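Commentary on secondary and tertiary structure
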Amino acid sequence: MNTDQWLADTRTSYDTVAVSYADQLREALAGEPYLRAALALFADLVHATGGGPVADVGCGPGHVTAHLHELGVDAFGIDLSPAMIDIARRDHPGLRFEVGSMTDLHLADASLAGLLAFWSLIHVPDDAVPTVFSHFHRVLRPGGALLLGFHVGDESRLKTQGYGGHPMNVYVHRRRPDQVTAWLHDAGFTVEAHMLLDLDESVPGAVLFAHRQPTPTT
């Protein structure tokens, strides 16, 4: 499947489920102490390097972006789905949200202190992940913090409905932390830690902390 096709399918699917998705996820972090702890650590890492803008890439309805803002992070959200961005702007009017794709981030080089992709890589096929990570590397400043969340496993499956029973047409990719680590290393990141999560017995998750390697001095 070419890039245009899977991006179009993902955009259409999440436009379709946006309202139901937002209703289900609005208070989700309240019941996930380990995810809140990961976000708090990410915020601390951003603050420790002097702070600055942080992009929540694949932000959906903006609940994680808003949580980071509450932690004192200068966070803004980017999502492929215009309907998701409309909801994020409605629910969090004081924050910045924009439509965009992680495959072609329209952000200046080295402009971010941190970048978060929380379960937004799950629809990106393997052959497109290196391109995505190269964009993450480009927009992060040297030493900038990266936090990824993703499903753990070895399979991909087609999701045809979800979030209230609405139709969808997206592949969901599960990956091992060592594979994600290898891709990040190839893109110029140093992986610091990962944590496995049993958020759902049938679909375990992981969060992974990394940073863009500093520019070598001569």
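Anything mentioned here points back to the structure above.
A brief structural summary.

About the thresholds
- Residues numbered from 1 in each chain as written.
- Predicted model: local features only at pLDDT ≥ 70, side-chain atom pairs only at ≥ 80, totals over all residues.
- Heavy atoms only, no water.
- Helix = DSSP H or I, 4+ residues; strand = E, 2+ residues; numbered from the N terminus.
- Rg over C-alpha atoms; globule rule 2.2 N^0.38 Å.
- Contact = heavy atoms within 4.5 Å.
- Areas by Shrake-Rupley, 256 points an atom, 1.4 Å probe, with all protein chains shown as cover.
- Lys, Arg positive; Asp, Glu negative; His and termini not counted.
- Charge placed at Lys NZ, Arg CZ, Asp CG, Glu CD.
- Buried < 20%, exposed > 50% of the residue type's maximum accessible area, 1.4 Å probe, protein only.
- Salt bridge = Lys/Arg side-chain N within 4 Å of Asp/Glu carboxyl O.
- Core = buried A, V, L, I, M, F, W, Y, C linked by side-chain atoms within 4.5 Å.
- Phe/Tyr/Trp six-rings, centres within 6.5 Å; stacked < 30°, edge-to-face > 60°.

Looking only at helices and strands, the protein has 6 helices and 9 strands in total. Here the C-alpha radius of gyration of the protein, 16 Å, is about what a compact globule of 218 residues would show, namely 17 Å. Counting only C-alpha atoms and orienting by the principal axes, one finds that the protein spans roughly 55 × 35 × 35 Å. Long-range pairs, those at least 24 residues apart, make up 68% of the contacts in the protein between residues at least 6 apart in sequence. By element, 52% of the accessible surface of the protein is carried by carbon and sulfur atoms, the whole surface being about 10,100 Å². For the protein, the centre of its 14 positive side-chain charges and the centre of its 26 negative side-chain charges are spaced 2 Å apart.

The next point concerns helix H5 (residues 129–139). Helical periodicity: at 3.6 residues per turn, an α-helix aligns residues three or four positions apart in one direction. Among all positions in H5, only Val-129, Val-132, Phe-133, His-135, Phe-136, His-137 and Val-139 are buried. In this structure, the buried side of H5 is in contact with strand S1 (53–57), strand S4 (112–118), strand S5 (140–151), helix H6 (177–187), strand S8 (189–197) and strand S9 (205–212).

Time to look at the pattern of salt bridges. On inspection of all chains with the given rule, the structure shows 8 salt bridges. The partner of Asp-91 in a salt bridge is Arg-26, with the nearest N and O atoms 3.1 Å apart. Separated by 65 residues along the polypeptide, Asp-91 in helix H4 (residues 82–91) and Arg-26 in the loop between helix H1 (3–25) and helix H2 (33–48) bring together distant segments of the chain. We note a salt bridge from Glu-98 to Arg-96, for which the minimum N-O separation is 3.1 Å. Here the salt bridges do not stand alone but share partners, grouping Asp-23, Arg-26, Arg-90 and Asp-91 into one network.

So, about the nonpolar core. Leu-115, Phe-133, Phe-136, Leu-146, Leu-148 and Leu-184 are the most contacted members of the largest nonpolar core, which has 34 residues in total. For this core, the secondary structure elements donating two or more residues are H1, S1, strand S2 (74–79), S4, H5, S5, H6 and S9. Here this core takes 5 residues from H5, the largest share from any one element. Dropping the residues within four chain positions of it, Phe-136 is found in contact with Val-57, Met-102, Leu-105, Leu-115, Ala-117, Leu-146, Leu-148 and Phe-189. Residues Phe-42, Val-73, Ala-75 and Leu-116 belong to the second largest nonpolar core, which totals 23 residues.

The next thing to look at is the environment of Val-99. Mapped onto the secondary structure, Val-99 falls in strand S3 (residues 97–99). Val-99 sits 63 residues away from Arg-36 along the chain, and the two C-alpha atoms are 25 Å apart. With residues up to four places along the chain from it excluded, the contact list for Val-99 reads Ile-78, Asp-79, Leu-80, Pro-82 and Ile-85.

Within this structure, the stated rule accounts for 4 aromatic pairs. Considering the side-chain rings of Tyr-21 and Tyr-163, the 4.7 Å spacing of their centres and the 70° angle between planes classify their relative orientation as edge-to-face. Of the two residues, Tyr-21 sits in helix H1 while Tyr-163 sits in the loop between strand S6 (156–162) and strand S7 (166–173), which places them 142 residues apart along the sequence. Classification of Tyr-163 by relative accessible area gives partly exposed; the value is 23%. Consider the rings of Phe-133 and Phe-136, whose centres lie 5.9 Å apart with planes at 40°: the pair is tilted. Placement of both Phe-133 and Phe-136 in helix H5 is noted, with a separation of 3 residues, approximately one turn of the helix. Residue Phe-133 is classed as buried on the basis of its relative accessible area of 1%. Taking the relative accessible area as the measure of exposure, Phe-136 reaches 0% and is therefore buried. Here the aromatic cluster, defined as three or more aromatic residues joined through ring pairs, consists of Tyr-14, Tyr-21 and Tyr-163.

It is worth stressing that arrangement in space is one thing and function is another; only the former is reported here.
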